[in-house]
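A look at the structure
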Number of protein chains: 2
Amino acid sequence: MSKYVDIAQQLITMIEAGEYRPWGLLEGELYLTRLFSVSRVTIRKALSLLKDKGYIHSRQGSGYYVNPSEFYKEQHLTTLSDRYANMNLSSVVLSFDVIDASEEMRKLFQLFENSKLYHYRRTRLVDDVPVTLEETWMPVSLFDDFSESELYGSVMKYIENRNFVISHDFKKVQAVALNSESARHLRKEEHSLSLQIIHKVYLLKSVLAQYTIETQADNQLNALSVR
Amino acid sequence: MSKYVDIAQQLITMIEAGEYRPWGLLEGELYLTRLFSVSRVTIRKALSLLKDKGYIHSRQGSGYYVNPSEFYKEQHLTTLSDRYANMNLSSVVLSFDVIDASEEMRKLFQLFENSKLYHYRRTRLVDDVPVTLEETWMPVSLFDDFSESELYGSVMKYIENRNFVISHDFKKVQAVALNSESARHLRKEEHSLSLQIIHKVYLLKSVLAQYTIETQADNQLNALSVR
DNA sequence: TGACATTTGTCCGTATGTATA
DNA sequence: CTATACATACGGACAAATGTC
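Residues numbered from 1 in each chain as written. Chains lettered and ligands numbered in written order. Predicted model: local features only at pLDDT ≥ 70, side-chain atom pairs only at ≥ 80, totals over all residues. Heavy atoms only, no water.

Once that is clear, we can look at the overall build of chain A. Secondary structure summary: chain A contains seven helices and nine strands in total. Summarising its shape, the C-alpha atoms of chain A cover approximately 60 × 40 × 30 Å along the three principal directions. Relative to its 227 residues, chain A shows a buried fraction of 50%. For chain A, restricting intrachain contacts to residue pairs at least 6 apart in sequence, the fraction spanning at least 24 positions comes to 60%. When the accessible surface of chain A is summed, it comes to about 11,700 Å², and 47% of that surface belongs to carbon and sulfur atoms. Averaging the locations of the 27 positively and 29 negatively charged side chains of chain A gives two centres separated by 9 Å. (Helix = DSSP H or I, 4+ residues; strand = E, 2+ residues; numbered from the N terminus. Buried < 20%, exposed > 50% of the residue type's maximum accessible area, 1.4 Å probe, protein only. Contact = heavy atoms within 4.5 Å. Areas by Shrake-Rupley, 256 points an atom, 1.4 Å probe, with all protein chains shown as cover. Lys, Arg positive; Asp, Glu negative; His and termini not counted. Charge placed at Lys NZ, Arg CZ, Asp CG, Glu CD.)

Dropping the structure here:
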């Protein structure tokens with residue numbers, strides 16, 4: 001683990017523990033370099049990471065300020081695994097099949113004819129309350145030992161444990177009205193409005209590894225931009 | 001303008017001009033330091049900016065790679081002004097009033113009783129096609145010379161020209177079905193689904209300057225996360 | 001208003017670590 | 001194994017914004 005990531009995590013722990021008031025001042029760079037016995041470059045990288053994650057912001061000539069928790073907590077538009085990190089996450093598998101790739105899917109994944117795809121649907125639950133419904137396609141040619149049992153854990157971790165490196169997650173967000181089946185699985189009213197996030201997960205060298213349609217139970221996502 | 005921002009913009013111009021193939025290799029840090037006659041630190045800051053904006057990604061030991069244009073073009077989840085930068089953006093003002101702040105709004109803006117708010121609704125058009133419908137509240141106490149004429153340009157620029165500094169834009173995204181009036185203004189079918197982005201725009205020192213409900217004509221937003 | 005100290009932002013040179021080809 | 005390229009880290013210098021006296 002690099003020093004700056006380690007320092008960033010320590011600072012995040014302190015912020016999440018509520019050791020700073022919202023909008024309150026964080027210690028300055030000079031103080032932190034002495035506290036952690038590292039150079040200013042390293043402290044600045046750590047603080048830059050905290051900025052990107054929405055924990056703090058800074059003003060030249062003034063200092064670093066801690067953001068209110070709504071800026072970094074709750075439903076952020078990141079990967080699912082990030083979003084529900086450290087939560088009691090479980091799965092219910094609705095279907096798992098190996099199917100022939102349609103022409104559309106062959107084009108998307110850049111596969112030859114007669115290629116096969118894994119196709120599964122599952123709900124993800126936090127403390128036994130459904131939070132998302134996922135429908136996913138993955139090429140069999142990339143993952144020869146994939147099986148239904150992987151669906152009860154993190155598929156991302158399965159991919160990374162197979163020595164693949166995930167490089168991008170490109171997302172489209174759109175509004176949908178839940179059909180009766182989706183509503184049932186998410187324990188919502190039929191026709192209620194929700195957000196759908198369509199993921200394209202890429203490995204290195206532009207290889208598309210996963211196409212996922214994620215239907216949220218909650219009709220809300222948060223995001224933050226800082227000047 | 002700082003060197004690294006200048007360099008970043010030059011590189012962005014080249015990428016947008018199509019001088020690199022999607023997923024293609026960018027010149028290395030060493031080459032770029034010589035090309036621009038700056039240090040490696042500066043080149044890395046410029047490239048880091050390009051990464052954040054979704055133009056490129058990098059792999060240690062390998063190089064910097066140019067992303068396909070869908071990663072950085074189109075409807076990204078940023079501020080409206082950023083999103084439609086360099087486009088032929090115009091406005092139709094639907095209403096402009098000074099109103100008494102409701103209790104809810106007083107709480108939100110942390111105002112005293114009997115405070116006034118500007119309240120306006122406008123559509124924003126790109127090449128005469130409506131792209132968003134905005135409903136906005138701003139405290140009169142902050143902006144004493146605000147007027148309807150500002151609504152035909154960028155309100156953000158008005159704020160910044162008044163020597164205020166915008167520090168955060170916190171956003172919630174949610175799905176909505178257009179009511180008949182919204183649909184008419186956006187030239188969509190009634191009840192069609194759309195995304196609504198609720199903005200809280202903060203100035204320095206946690207001062208909330210603007211609360212905006214932005215209803216999109218398109219039911220789509222893009223985002224990218226990079227490992 | 002102006003001078004000054006403080007703090008973050010930018011930039012340079014250099015060295016070493018680590019992943020890739 | 002080796003060369004290459006990005007990642008991390010150090011120390012130093014000056015610029016620019018801020019807050020205060």
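After presenting the structure, the write-up continues.
The subject of this paragraph is the packing of helix α2 (residues 29-36) of chain B against helix α3 (residues 40-52) of chain B. Residue and element names in this part refer to chain B. Here α2 crosses α3 at 105°, and the two axes come no closer than 9 Å. Accordingly, the angle class assigned to the pair α2 and α3 is roughly perpendicular. Contact with α2, carried on its side by Glu29, Leu32, Thr33 and Phe36, involves Arg40, Ile43, Arg44 and Leu47 of α3 and no other residues of that element. Taken together, the residues that form the contact of α2 with α3 break down as four nonpolar, one polar and three charged. (Axes fitted to C-alpha atoms, helices over the stretch in contact; angles between N-to-C directions. Parallel < 35°, antiparallel > 145°, perpendicular 65-115°, else oblique. Nonpolar A, V, L, I, M, F, W, Y, C, P; charged D, E, K, R; others polar.)

Near DNA strand D there are 26 residues, and of these A:Lys3, A:Ser39, A:Thr42, A:Lys45 and B:Arg40 occur at the shortest range. Expressed as a percentage, the sugar and phosphate content of the atoms of DNA strand D within 4 Å of the protein is 69%. A:Arg59 places a side-chain nitrogen or oxygen 3.4 Å from a phosphate oxygen of DNA strand D. Here a phosphate oxygen of DNA strand D and a side-chain polar atom of B:Tyr64 are 3.2 Å apart. Within the residue set of the surface near DNA strand D, elements represented by two or more residues are α1 (3-16) and α3 (40-52) of chain A together with α3, β1 (56-59) and β2 (63-66) of chain B. The leading source of residues in the surface near DNA strand D is α3(A), at four residues. By residue class, the composition of the surface near DNA strand D is four nonpolar, 12 polar and 10 charged. (Near = heavy atom within 4 Å. Polar contact = N/O pair within 3.5 Å; in protein donor to acceptor, adjacent residues only side chain to side chain.)

Turning our attention to the domain arrangement of chain A. The domains assigned to chain A are domain 1 (3-73) and domain 2 (80-216). With centres defined by C-alpha atoms, the gap from domain 1 of chain A to domain 2 of chain A works out at 34 Å. (Domains from an automatic or database assignment.)

This part is about the pattern of salt bridges. All names here are of chain A. This structure, assessed with the given rule, holds 14 salt bridges over all chains. When the shortest N-O distance is used, the salt bridge between Arg40 and Glu29 registers 2.5 Å. Separated by 11 residues along the polypeptide, Arg40 in helix α3 and Glu29 in helix α2 (residues 29-36) bring together distant segments of the chain. When salt bridges with common partners are traced through the structure, they connect Glu29, Arg40 and Arg44 into a single cluster. (Salt bridge = Lys/Arg side-chain N within 4 Å of Asp/Glu carboxyl O.)

Residue and element names in this part refer to chain B. Among all positions in α2, only Glu29, Leu32, Thr33 and Phe36 are buried. Summarising the axial view, the buried residues of α2 lie within an arc of 105°, below the 170-degree limit, and thus occupy one face. Facing away from the buried side of α2 by more than 90 degrees, the exposed set consists of Leu30 and Arg34. Buried residues along α2 sit in contact with α1 (3-16), α3 and β2. Just beyond α2, the residue with positive phi is Ser37, at close to 55°. (Arc of directions from axis to C-beta.)

For the rest of this paragraph, the subject is α1(B). All names here are of chain B. The terminal C-alpha atoms of α1, which comprises 14 residues, lie 20 Å apart, in line with the 20 Å expected from a rise of 1.5 Å per residue. Where α1 is concerned, the buried positions are Val5, Ile7, Ala8, Leu11, Ile12 and Ile15. The buried residues of α1 occupy an angular sector of 160° when projected down its axis, which confines them to one face. Facing away from the buried side of α1 by over 90 degrees, the exposed positions are Lys3 and Thr13. Each element contacted by the buried residues of α1 is listed here: α2, α3, β1 and β2. Looking one or two residues beyond α1, the residue adopting positive phi is Gly18, at roughly 80°. (Expected span 1.5 Å × (residues − 1).)

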